[in-house]
Each structure stands twice: as C-alpha cells, then as structure tokens.
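Working through the structure, step by step
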Amino acid sequence: MQELEKYSLDDTYIRPFDRDKQEIAIETKDVHVFYGDSEAIHGVSLPFERYKITALIGSSGSGKSTYLRSLNRMNDNIESARVTGKIMYRNIDINSDAVDVYEMRKHIGMVFQRPNPFAKSIYDNIAFALRRFGLKDKKKLDEIVETSLKQAALWDQVKDDLNQSGMSLSGGQAQRLCIARAIAMKPDILLLDEPASALDPISTSAVEDTLLALKDKYTIIIVTHNMQQAARISDYTAFFYSGAALEYDETRKIFTRPKIKATNDYVSGHFG
Ligand SMILES: Nc1ncnc2c1ncn2[C@@H]1O[C@H](COP(=O)(O)OP(=O)(O)OP(=O)(O)O)[C@@H](O)[C@H]1O
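Just so you know, these numbers come straight off a predicted model, no measurement behind them. (Residues numbered from 1 in each chain as written. Predicted model: local features only at pLDDT ≥ 70, side-chain atom pairs only at ≥ 80, totals over all residues.)

**Focus: the UniProt feature "domain: ABC transporter" (unreviewed entry) in the protein**
Going by this rule: UniProt positions are given in the numbering used here, feature names are shortened, and annotations may be inferred rather than shown by experiment. A run of DSSP states H or I qualifies as a helix once it reaches four residues; a run of E qualifies as a strand once it reaches two. Both are numbered from the N-terminal end.
UniProt feature "domain: ABC transporter" (unreviewed entry): in the numbering of this structure it lies at residues 26-267. Within residues 26-267, the helical portion is 38% and the strand portion 27%, while the C-alpha atoms at the span's ends are 26 Å from each other.

In structure tokens:
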C-alpha cells in the first residue's frame, strides 16, 4: 500500500464534454462508496458518452470494480456497502430509493469477469430472463435469441445446436454467450468487469472484436487490467488511483500524453 501515499488525489484532470454535441448516456456526481467505515470511492464525478467505449484502468484495489458496480447498483448486493452521490441516467438518479432496481438493470446490463452461463441450453440462457419479464411468443423469442447471438459474434458457431448446454462452450464462447444474454434485454449501457481476464489470447481477441462491433448500438464501460486492451478498444479512459478518478481523457491522450504524473507513471509501467 506504500504507493497509495505517493500521489495527491487533488491533482486531477477530467476532460470536459461538449454537451451540445456529445450525448451523455450516464453520469456520476460525487459518488462515494463505503464498505462499513472504510471509504473505497472518494467522490467520483464522470460523464460517459453514448455509443463510445470507456475503459476504467488502475492498479489492483484502486476501486475500478466498486465504481463500475455502482453504475447499476450491484453494490446493493453487498451488505456492508453504502453508496452516496448521484448516478444520473435519463434525468433519473438511479441511486434513489424510488428506483426499481430490476427494471433499471434492463437498461444498464452487466457482464462479469468469469463467464457464468446458466446450466441450461444456449437458447434458454438467453430466453430465460426474457420469459421472466413476460415474453412468451416463441417466434419473437427465436428472433431475439438469433439477433443477440449474432451481435455477440457467436451465432455462426452455435446455430446448429442451440439446445447444447451453455456450460459446454469454451471460455471465450461462454463469455460471448454472457454478452448475448446481457444484450438480449436490449440495454442502453453495457458494463463489463474484466470480461476477458479469464480468457486465452484468441478468445480475448474475439471478445474485443465483439465489443467493437457493439459500439454503435451500446454505450460500453469496461474495467480492464490490461492496458493494451484499453488502448485497442476504448475511446476514453479513466485512470483510477486509490479510490479516485485522477485522469479522464481520450484514450490516445492517456497513453501518449497524460497530463497527470500518476497516470504517466502507471501507463509507463512504474507501478501497477
Ligand atoms: N466486498 C467488499 N468488502 C469490503 N471491501 C471491499 C469489497 N470489495 C472491494 N473492497 C475494497 O475496496 C477497495 C477497492 O476494491 P475494488 O475491487 O473496487 O478495486 P479494483 O480496482 O477493481 O481492484 P482489482 O483490479 O483487484 O479488481 C479495495 O481496498 C478493496 O479491498
């Protein structure tokens, strides 16, 4: 934890957005997250542009996952966690008690680090939540299953046997099934917490291609440990350090001309 003392949390650069030209899909305002008495996120205010990929980078324990989870209230599932501040989505503060969390998560979906397909067929992995939300029409279900698998770049590999178990897929295929499952709900925003960290390089590359292809329909926010991955796929990058977002800018600037010393030291491999 030595390095955590090294840089000032006040030395920050958060890029401005031109809100007349750049649509903001979701935005946090002064978000703090506490686990019991310990503060893990210290007032993070970031806007995320629609139809862009934004990467959250930073060393282990810097708060990336905690912050990402706050964006669709996954921290609600952690008993000791408490989130303050506003998370504005379509002029609604989704952090307010009045929000129906399950309804909100239809708009703001999440894919986790480890592929977690259900022990069901590929078809049912996708149809399950749709049926639960009341969709019974078989033709409509077939259509959504097909479109979601196509968008997740998995259709060609599985179309001949949608009845095979989701558990029988390779890691990369299983993760793309989880992406298909998330996008079947037609979310606006897709949150991904290190979706490729458990995958081999070929599967990683397939997942990255999938995300790039999804960008024109979804706003994507992705936590990654992998700086090359952030550089390859994201438009914007936020650098997290010790529970604060120290720098937020276009990805190419973060990796070539960061304005903050901590960012520069991190992207050039001085700590991590
Ligand atoms: N469920 C939890 N209960 C208590 N403390 C937690 C919990 N989850 C995370 N923390 C703490 O919050 C801080 C931020 O952790 P977080 O997992 O968000 O960081 P991270 O940047 O995503 O790290 P990593 O890259 O290792 O996943 C750390 O100090 C961590 O120990």
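**Remarks on the pairing of strand E2 (residues 24-35)**
Put simply, the rule reads: Criterion used throughout: strands pair if DSSP finds at least two bridges between them.
Relative to strand E3 (residues 38-49), E2 runs antiparallel, the two sharing nine bridges. Paired with Ile-26 across the two strands is Phe-48, which belongs to E3. Between E2 and E3, which pair antiparallel and follow one another directly, the connecting turn spans two residues, one of which, Gly-36, has a positive phi of 60 degrees.

**Digging into the site of the ligand**
To be explicit about the condition: By convention here, the C-beta atom is placed from the backbone, and a residue is near a molecule or strand when that atom is within 6 Å of it. Under the scheme applied here, ten amino acids are nonpolar (Ala, Val, Leu, Ile, Met, Phe, Trp, Tyr, Cys and Pro), four are charged (Asp, Glu, Lys and Arg), and all others, including Gly, are polar.
Contacts to the ligand come from 13 residues, most closely from Tyr-35, Ala-40, Ser-60, Ser-65 and Thr-66. If you tally residues by element for the shell around the ligand, the top one is helix H1 (residues 64-70), at three residues. Tallied by class, residues from the shell around the ligand come to three nonpolar, nine polar and one charged.

**Some points on the sheet that holds strand E5 (residues 81-89)**
In space, the four strands of this open sheet follow the order E3-E2-E5-E6, with antiparallel pairing throughout. Two strands lie at the open edges of the sheet, namely E3 and strand E6 (92-93), each paired on one side alone. Relative to E5, E2 runs antiparallel, the two being bridged by seven bridges. Each residue of the ladder has a partner; that of Lys-29, found in E5, is Lys-86.

**So, unusual backbone geometry**
Rules: The burial label depends on the number of other C-beta atoms within 10 Å of a residue's C-beta. Counts of 20 or more mean buried, 12 or fewer mean exposed, and intermediate counts mean partly exposed, with C-beta atoms placed from the backbone.
A positive phi angle is found at Ala-153, which is not glycine, with a value near 60 degrees. By the element assignment, Ala-153 lies in the loop between helix H4 (138-151) and helix H5 (155-158). Even without glycine at this site, Lys-186 takes up a positive phi of about 55 degrees. Mapped onto the fold, Lys-186 is located in the loop between helix H6 (171-184) and strand E8 (189-193). For Lys-186, a count of 15 C-beta atoms within 10 Å puts it in the partly exposed group.

**A short note on the packing of H6 against helix H7 (residues 201-214)**
Defined as follows: Only the stretch in contact is used when a helix axis is fitted, and all axes are lines through C-alpha atoms; the angle between N-to-C directions ranges over 0 to 180 degrees. When an angle is under 35 degrees it counts as roughly parallel; over 145 it counts as roughly antiparallel; between 65 and 115 it counts as roughly perpendicular; any other value is oblique. Two helices cross in a left-handed way if the nearer one is turned anticlockwise from the farther one by less than a right angle. They cross in a right-handed way if the turn is clockwise. The contact criterion used here is simple: two residues whose C-beta atoms, placed from the backbone, lie within 7 Å are in contact.
Taken N-terminus to C-terminus, the directions of H6 and H7 make an angle of 20 degrees; their axes are 8 Å apart at the nearest point. By the angle between their axes, H6 is roughly parallel relative to H7. Seen from above, H6 lies across H7 with right-handed handedness. Contacts between H6 and H7 involve Gly-171, Gly-172, Gln-175, Arg-176 and Ile-179 from the former and Ile-202, Ser-203, Ala-206, Val-207 and Thr-210 from the latter. Its residues assigned to classes, the contact of H6 with H7 shows four nonpolar, five polar and one charged.

**Brief notes about the sheet that holds strand E10 (residues 236-241)**
Read across the sheet, seven strands follow the order E1-E11-E10-E4-E9-E8-E7 without closing on themselves; strand pairing throughout is mixed. Strand pairing shows two members of the sheet lacking a second neighbour, strand E1 (13-14) and strand E7 (108-111), which therefore form its edges. Judged from the four bridges that link them, E7 and E8 form a sheet pairing that is parallel. Each bridged residue has a counterpart across the sheet, and for Gly-109 the counterpart in E8 is Leu-190.

**Let's talk about the nonpolar core**
Inside soluble globular proteins, nonpolar side chains tend to come together where they are buried. Threshold: A set of buried residues drawn from Ala, Val, Leu, Ile, Met, Phe, Trp, Tyr and Cys, joined through C-beta atoms within 7 Å, is what defines a nonpolar core.
In terms of nonpolar packing, the biggest core is built from 70 residues, with Leu-56 and Ala-180 touching the most fellow members. Sorting elements by how many residues they give to this core places H6 first, with eight residues.

**A short note on the environment of Tyr-123**
Relative to the helices and strands, Tyr-123 is located in helix H3 (residues 122-132). Among residues more than four places away in sequence, those in contact with Tyr-123 are Val-145, Leu-162 and Asn-163.

**Let's talk about the pairing of E5**
Here E5 runs beside E6; their pairing, made up of two bridges, is antiparallel. Among the inter-strand pairings, Tyr-89 is bridged to a residue of E6, identified as Ile-92. Joining the antiparallel neighbours E5 and E6 is a turn of two residues, in which Arg-90 adopts a positive phi near 50 degrees.

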